[in-house]
Amino acid sequence: MTKVLVIAEHDGTQLSVATAKAVKGAEGVGAEKLDLVVFGNDPASVSEQAAKISGVDCVRVVSGEDFAEPLAARMAPEIAKMASDYSHLFVASTTFGRDLMPRVAGLLRLNQVSDVMAVLGPRSFKRPIYAGNAIVTVNVPETVATVLATVRTASFAAAQMTGSATIEALESQASDPGHTRFVGREGSSGEGPDLSSASRVVSGGRALGSADAFKVIYGLANTLGAAVGASRAAVDAGYVPNELQVGQTGKIIAPDLYIAVGISGAIQHLTGIKDAGTIVAINKDSEAPIFEVADLGLVADLFEVVPELEKLISA
Ligand SMILES: Cc1cc2nc3c(=O)[nH]c(=O)nc-3n(C[C@H](O)[C@H](O)[C@H](O)COP(=O)(O)OP(=O)(O)OC[C@H]3O[C@@H](n4cnc5c(N)ncnc54)[C@H](O)[C@@H]3O)c2cc1C
């Protein structure tokens with residue numbers, strides 16, 4: 001019997017949209033039963049949100065102080081214990097899922113399929129390799145008891161929120177491994193929409209030249225109600241924090257609108273915006289590779305046109 005367990009991601013009060021996307025991806029295996037597990041200290045409200053995700057049969061809730069923070073080291077042993085009830089375990093390929101699933105795989109001594117972008121069948125998946133330059137089909141052998149996968153959220157629309165799953169409380173089954181404890185949390189430095197899920201993103205590259213000059217990107221983003229992103233060159237130069245990096249080694253995003261400002265369009269950057277809707281590029285070099293993928297291109301000096309654009313939009 002094909003039984004799927006999806007691991008929910010949340011911040012204690014709000015279920016992440018990535019969970020509904022992971023459910024959508026997981027639905028592709030055609031499971032007879034699809035459950036969701038929520039860990040938390042007091043996750044009642046998150047569990048109710050989770051129960052609304054269409055396609056979910058049962059929300060299984062493991063609560064307790066041990067799960068007050070989403071520590072992969074604490075959750076992985078619980079999930080590994082639950083694995084024998086399921087043929088498939090899925091989680092979104094976010095920072096949370098990328099931290100968690102390899103630990104589950106390690107405990108179960110199984111390999112995982114990472115970054116699933118299409119589900120071809122219960123054991124057949126497509127995933128990107130070589131920074132998205134090639135797509136490979138991966139078949140998981142029948143001898144593997146549990147299929148473990150992380151789901152590329154940019155590749156799936158979120159499942160509808162019209163479901164009414166049952167909610168079931170579960171006892172914690174595994175003891176604390178004791179080697180990892182929560183020390184503290186630092187909030188992300190940015191204001192405005194979350195980069196991973198924003199429908200509009202304005203990104204800046206090396207061309208900005210300094211953290212101070214990067215304010216021009218924040219200005220345009222504010223005017224558009226967009227999140228701010230950056231190329232790796234801009235991050236490495238210290239113009240913006242690491243969490244804003246878009247690309248192969250940063251965030252993979254799929255906004256409706258992506259505006260790349262002073263970004264050349266290296267393949268490692270483009271990997272991060274492959275599923276974006278409309279791509280707009282502003283670059284003073286008409287030969288820049290970003291124009292090959294852009295729907296709209298403006299060959300211009302960013303320091304002249306971005307403030308002008310901001311004024312026009314505000315007006
Ligand atoms: C293993 C690996 C992983 C990587 N992962 C990532 C990743 O996740 N994300 C990522 O972004 N990169 C990544 N990179 C780096 C990537 O290869 C590029 O070096 C990087 O994306 C370049 O950033 P950039 O476009 O800002 O800079 P550049 O390539 O230097 O481009 C700057 C652009 O700005 C334009 N410009 C300059 N002045 C102006 C102006 N006044 N007005 C308008 N345009 C102007 C120039 O014409 C140029 O096209 C990775 C590289 C490796 C090897």
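What you see is a predicted model, and the numbers here were worked out from it, not measured in a lab. Every chain begins its residue count from 1, and numbering advances along the sequence as written. Only residues with pLDDT of 70 or above have their local features reported here, since the model is predicted, and side-chain atom pairs are shown and tallied only from 80 upward, although totals for entire chains, interfaces and linings are computed over all residues. To obtain the side-chain values, all non-hydrogen atoms of the structure were used and water was disregarded.

## Quick word on the packing of aromatic side chains
Item 1. Between rings of Phe, Tyr and Trp, where Trp is taken as its six-membered ring, a pair exists when centres lie within 6.5 Å; planes separated by under 30 degrees are stacked, by over 60 edge-to-face, and by other angles tilted. One pass over the full model with this rule turns up three aromatic pairs.
Item 2. With centroids separated by 5.2 Å and ring planes inclined at 45 degrees, the aromatic side chains of Phe39 and Phe67 adopt a geometry described as tilted. Remark: Phe67 occurs in the loop between β3 (58-63) and α3 (72-82) and Phe39 occurs in strand β2 (residues 33-40); sequence separation between them is 28 residues. The pair Phe39 / Phe67 is uniform in exposure class, with both members buried.
Item 3. Aromatic pair Phe214 and Tyr218: ring centres 6.0 Å apart, planes at 65 degrees, arrangement edge-to-face.
Item 4. Accessible area is worked out with a 1.4 Å probe on protein chains only. A residue is then buried under 20% of its type maximum, exposed over 50%, and partly exposed in between. For Tyr218, a relative accessible area of 30% puts it in the partly exposed group.
Item 5. When the NZ atom of lysine or the CZ atom of arginine is within 6 Å of a ring's centre and also within 35 degrees of its normal, the charge is said to sit over that ring. Positioned above the aromatic ring of Tyr86 is the side chain of Lys3, whose terminal nitrogen or guanidinium carbon lies 5.2 Å from the ring centre. In this description a helix means any DSSP run of H or I spanning at least four residues, a strand means any run of E spanning at least two, and both kinds are numbered starting from the N terminus.

## Concerning unusual backbone geometry
Item 1. In this model, Arg109 sits at a positive phi of 55 degrees, which is unusual for a non-glycine residue.
Item 2. For Asp115, which is not glycine, the phi torsion reads 60 degrees and is therefore positive.
Item 3. Position of Asp115 relative to the elements: it lies in strand β5 (residues 112-116).

## Describing the side chain of Asn283
Item 1. As for its placement among the helices and strands, Asn283 is situated in strand β14 (residues 278-283).
Item 2. A polar atom in the side chain of Asn283 sits 3.2 Å from the backbone oxygen of Ile263.
Item 3. Any pair of nitrogen or oxygen atoms within 3.5 Å is treated as a polar contact; in protein, a donor-acceptor pairing is required on top of that, and neighbouring residues in sequence qualify only through side-chain atoms on both sides. A distance of 2.9 Å separates the side chain of Asn283 from the backbone nitrogen of Asp285, its partner in a polar contact.
Item 4. We call two residues contacting when some pair of their heavy atoms lies within 4.5 Å. Those residues within four positions of Asn283 in sequence are excluded, and the remaining contacts are Gly262, Ile263, Ser264, Ala288, Ile290, Phe291, Leu298, Val299 and Ala300.

## Some words on the pairing of strand β12 (residues 227-230)
Item 1. Where burial is concerned, the two faces of β12 agree: the one with Ala227 and Gly229 and the one with Val228 and Ala230 are both buried.
Item 2. Two strands form a pair only when DSSP identifies at least two bridges running between them. Alignment of strand β11 (residues 200-204) against β12, held across four bridges, turns out to be parallel. The partner of Val202 across the bridge, within β12, is Val228.

## Quick notes on the site of the ligand
Item 1. Neighbouring the ligand are 25 residues; Arg206, Ser231, Thr249, Ser264 and Asn283 lie closest to it.
Item 2. The side chain of His269 places a nitrogen or oxygen atom 2.9 Å from an oxygen atom of the ligand.
Item 3. A distance of 2.9 Å separates a nitrogen atom of the ligand from a polar atom in the backbone of Leu302.
Item 4. Coverage of the ligand by the protein chains reaches 76% of its 990 Å² of free accessible surface.
Item 5. Elements represented by at least two residues in the shell around the ligand include exactly α6 (232-236), α7 (267-270) and α9 (302-314).
Item 6. Following the grouping adopted for this structure description, the nonpolar residues are Ala, Val, Leu, Ile, Met, Phe, Trp, Tyr, Cys and Pro, the charged ones are Asp, Glu, Lys and Arg, and the polar ones are all others, Gly among them. Taken together, the residues of the shell around the ligand sort by class into eight nonpolar, twelve polar and five charged. One heavy atom within 4 Å of a molecule or strand makes the whole residue count as near it. In this description, accessible areas are obtained by the Shrake-Rupley approach with a 1.4 Å probe, and a residue is regarded as covered only by the protein chains that are shown.

## Details of the pattern of salt bridges
Item 1. Salt bridge, as applied in this entry: a Lys or Arg side-chain nitrogen positioned within 4 Å of an Asp or Glu carboxyl oxygen. One pass over the full model with this rule turns up twelve salt bridges.
Item 2. A salt bridge links Glu168 to Arg60; its shortest N-O distance comes to 2.9 Å. Within this pair, whereas Glu168 is found in strand β10 (residues 166-170), its partner Arg60 is found in strand β3, the two being separated by 108 residues in sequence.
Item 3. The exposure class of Arg60 is buried, given its relative accessible area of 13%.
Item 4. Each of Arg60, Asp85 and Glu168 takes part in salt bridges that share partners, so that together they form one network.

## Observations regarding the sheet that holds β11
Item 1. Reading across from one edge, β12-β11-β13-β14-β15 is the order of the five strands in this open sheet, with parallel pairing throughout. Two strands lie at the open edges of the sheet, namely β12 and β15 (296-299), each paired on one side alone. Across the sheet, the axes of successive neighbouring strands diverge by a mean angle of 15 degrees, strand direction being ignored.
Item 2. As judged from the four bridges shared by β14 and β15, these two strands associate in the parallel manner. Residue pairing in the sheet places Asn283 in a bridge with Val299 of β15.
Item 3. This element, helix α5 (residues 215-224), spans β11, β12 and β13 (257-261) of the sheet and lies at about 175 degrees to β11. Axis definition: a line fitted to C-alpha atoms, limited for helices to the stretch in contact. Angles are taken between N-to-C directions and run from 0 to 180 degrees.

Read these as layout, nothing more, since geometry by itself doesn't imply function.
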